[in-house]
Amino acid sequence: MSKFSKYFLFFLFFQLICTMTSFADQPSEQTIKGLFYRDCEPVEIKIADGRIAKIRHLPGEEVDTEESDTYVAPGLVEVQINGYMGVDFSGEDLTLDGVREATRELWKAGITTYLPTLISQSHERLKGNFTILSQAMDDSEIGASIAGFHLEGPYISPEEGFRGAHLKKYIRKPDWEEFMEYQQAADNGIKLVAVAPEVEGAIPFVRRCVESGVEVTLAHHNGSAEEIKEAVDAGASMSNHLGNGCANMIHRHNNPLWPQMADDRLTPSIIADGYHLTREEVRTFYKVKGADNLILVSDALDLAGLPPGKYERGGRTLQLTENVVKFPDQNVLAGAASPISKCVSNMLEFTRCSLKDAIQMASTNPARQFDLDEIGEISQGKRADLILFTMEEGEMIIQKTIVAGKVVYSKE
Ligand SMILES: [Zn+2]
């Protein structure tokens, strides 16, 4: 036997030991106890081979003190997040390691599945970053938590106010060939693309996206009622962060908000971080669309999770305060910095909705919107993506996060 073969055999043996050790770390079967998020009654959930094997509802029964104030819910599903803990998915220094790090941090906030979101950027940057993100989707550690990608821009309104914080130089007209290059770089992982319905070429672009299985969301636009209807007829199914990506001064009758609220075929996402919308707006969207037809998103910038302070991004100075990002010289919003767990807590407070409804808007609805049949609910046979949390002074505090049966975060 050659020296090389001996080393190779030793390497194989070492790999086998490592694999056995990692299985030993995470038992293939475990039981979770807590209060079921839908009725706040005790429940026992058996997990086997990464799936929910059995659910036993124990109404009226006492649970151990440790679990008496711990809720169990499906993991949160986030469909608009630009980065986290300093890792910018549209940034020039994005790496696979960075995406791993951001994902581990998101697990701590209860997010078990997400769509990394890329915003209006140069052609080369978008292609390059989608290539990195497609590797993340196949990664053995974090791949299960990445269900695809969201491209917000560059096919949005270039108008001041409507384009929000997107840089004008990167905004372009919808271009199917260009989009196909991104889709190829993303290994067909782009699941959602944002479009302004009034820009030239938008309607045929929406149609082609939907035919190819990509969802279209109306975003950063000043579409008329007719243009919005045309886009929805062509297959657009969502409104991106409704109430934001809109100029401050708009016509009281003819503005893009009313037609989007009035059309039942549109499921809006909203940023209920307490800064991007007033409580009254959140309540109104909730009343109009209902818990079945609304999705909570964080739209968090990469600064989310970092200590408050001033940061440089894309040649601009941003001020990160406790829960939001501003342009310090104008004192206007530059972006969000709260994970959706915070938005869940806010929905409970702003609308007085049930815990069941708040979780539905942050898990079940986004999973259903993207045909993610394996997740978003606690029922037998589904993938065991679960969160255990307590509610402390109205805040959702994540105690444990489980992805495909594996504990990926534990507060203790
Ligand atoms: Zn936006």
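Criteria and thresholds
- Residues numbered from 1 in each chain as written.
- Predicted model: local features only at pLDDT ≥ 70, side-chain atom pairs only at ≥ 80, totals over all residues.
- Domains from an automatic or database assignment.
- Nonpolar A, V, L, I, M, F, W, Y, C, P; charged D, E, K, R; others polar.
- Buried ≥ 20, exposed ≤ 12 C-beta atoms within 10 Å, placed from the backbone.
- Helix = DSSP H or I, 4+ residues; strand = E, 2+ residues; numbered from the N terminus.
- Arc of directions from axis to C-beta.
- Contact = placed C-beta atoms within 7 Å.
- Core = buried A, V, L, I, M, F, W, Y, C linked by C-beta atoms within 7 Å.
- Axes fitted to C-alpha atoms, helices over the stretch in contact; angles between N-to-C directions.
- Parallel < 35°, antiparallel > 145°, perpendicular 65-115°, else oblique.
- Pairing = 2+ DSSP bridges.
- Expected span 1.5 Å × (residues − 1).

Caption draft 1: Spatial organisation of the domain arrangement of the chain. Partitioning the chain into domains gives domain 1 (23-73 + 380-410) and domain 2 (75-369). Look at where the C-alpha atoms of domain 1 and domain 2 centre, and you get two points 29 Å apart. Partitioned by chemical class, the residues of the side of domain 1 that touches domain 2 number 13 nonpolar, two polar and three charged.

Caption draft 2: Structural detail: helix α6 (residues 225-233). For α6, every residue scored as buried is listed here: Glu227, Ile228, Ala231 and Val232. End-on view of α6: buried residues confined to an arc of 135°, all on one side of the axis. In α6, those exposed residues whose orientation departs by more than 90 degrees from the buried face are Glu226 and Asp233. Summarising the contacts, the buried residues of α6 are in contact with α5 (202-211), β11 (215-218) and α7 (257-262). Immediately beyond the C-terminal end of α6, within one or two residues, lies Gly235, with a positive phi of roughly 125°.

Caption draft 3: Broad picture of the environment of Thr217. Its location among the elements puts Thr217 in strand β11. Assessed through the 27 C-beta atoms surrounding it within 10 Å, Thr217 is described here as buried. Sequence separation of Thr217 and Leu118 is 99 residues, and the distance between their C-alpha atoms is 14 Å. What Thr217 contacts, discounting residues up to four positions off in sequence, is Leu192, Ala194, Ala236, Met238, Ser239 and Asn240.

Caption draft 4: The nonpolar core, seen in detail. Ranked by size, the top nonpolar core spans 116 residues in total, and within it Val72, Val195, Val206, Leu296, Val344 and Ala362 carry the most contacts. Considering each element in turn, this core owes the most residues, six residues, to helix α10 (residues 355-369). There are two domains that each give this core at least three residues, and those are domain 1 (23-73 + 380-410) and domain 2 (75-369). Other than its neighbours up to four places away in sequence, Ala362 contacts Leu76, Val77, Leu296, Ile340, Cys343 and Val344.

Caption draft 5: Local environment of the packing of helix α3 (residues 123-137) against helix α4 (residues 176-185). Running from N to C, α3 and α4 point in directions that differ by 30°, and their axes come no closer than 7 Å. Between α3 and α4, the crossing angle belongs to the class labelled roughly parallel. Counted together, His123, Leu126, Lys127, Phe130, Thr131 and Ser134 of α3 and Glu178, Glu181, Tyr182 and Ala185 of α4 form the full contact between these two elements. Considered class by class, the residues forming the contact of α3 with α4 number four nonpolar, three polar and three charged.

Caption draft 6: Region of the structure containing the pairing of strand β3 (residues 51-57). Pairing of strand β2 (residues 42-48) with β3 involves six bridges; the strand directions are antiparallel. When the sheet's bridge partners are listed, Ala48 is paired in β3 with Arg51. What sits between the antiparallel neighbours β2 and β3 is a turn of two residues, in which Asp49 has the positive phi angle 50°.

Caption draft 7: Geometry of the sheet that holds strand β9 (residues 149-152). Spatial ordering of the open sheet is given by β5-β8-β9-β10-β11-β12-β13-β14, a layout of eight strands whose pairing is parallel. Since the sheet does not close on itself, it has two edges, and those belong to β5 (76-81) and β14 (295-296), each with one partner. Where strand β12 (residues 238-239) and strand β13 (residues 267-270) come together, two bridges link them in parallel fashion. From the neighbouring strand, Ser239 faces β13, where its bridge partner is Pro268.

Caption draft 8: Just the environment of Arg207, in detail. Here Arg207 shows up in helix α5. Measuring from C-alpha to C-alpha, the distance between Arg207 and Val232 comes to 9.5 Å, with 25 residues separating the pair along the chain. Arg207 has contacts with Ala234 and Gly235, leaving out every residue within four places of it along the chain.

Caption draft 9: Focus on the sheet that holds β3. Pairing in this open sheet of seven strands is mixed, and the strands run β3-β2-β1-β4-β19-β20-β21 from one edge to the other. Since the sheet does not close on itself, it has two edges, and those belong to β3 and β21 (406-410), each with one partner. Along the sheet, successive strands turn relative to each other by an average axial angle of 35°, direction set aside. Where strand β20 (residues 395-403) meets β21, four bridges bridge the pair, whose relative direction is antiparallel. Residue pairing across strands places Ile402 opposite Val407, the latter belonging to β21.

Caption draft 10: Helix α2 (residues 96-108), seen in detail. With 13 residues, α2 should cover 18 Å at 1.5 Å per step; its first-to-last C-alpha distance of 19 Å lies within 8% of that length. Buried within α2 we find Gly98, Val99, Ala102, Thr103, Leu106 and Trp107. Where α2 is buried, its residues meet β6 (83-84), β7 (87-88), β8 (111-119), α3, β20 and β21. Two residues or fewer past α2, Gly110 is found with a positive phi of approximately 90°.

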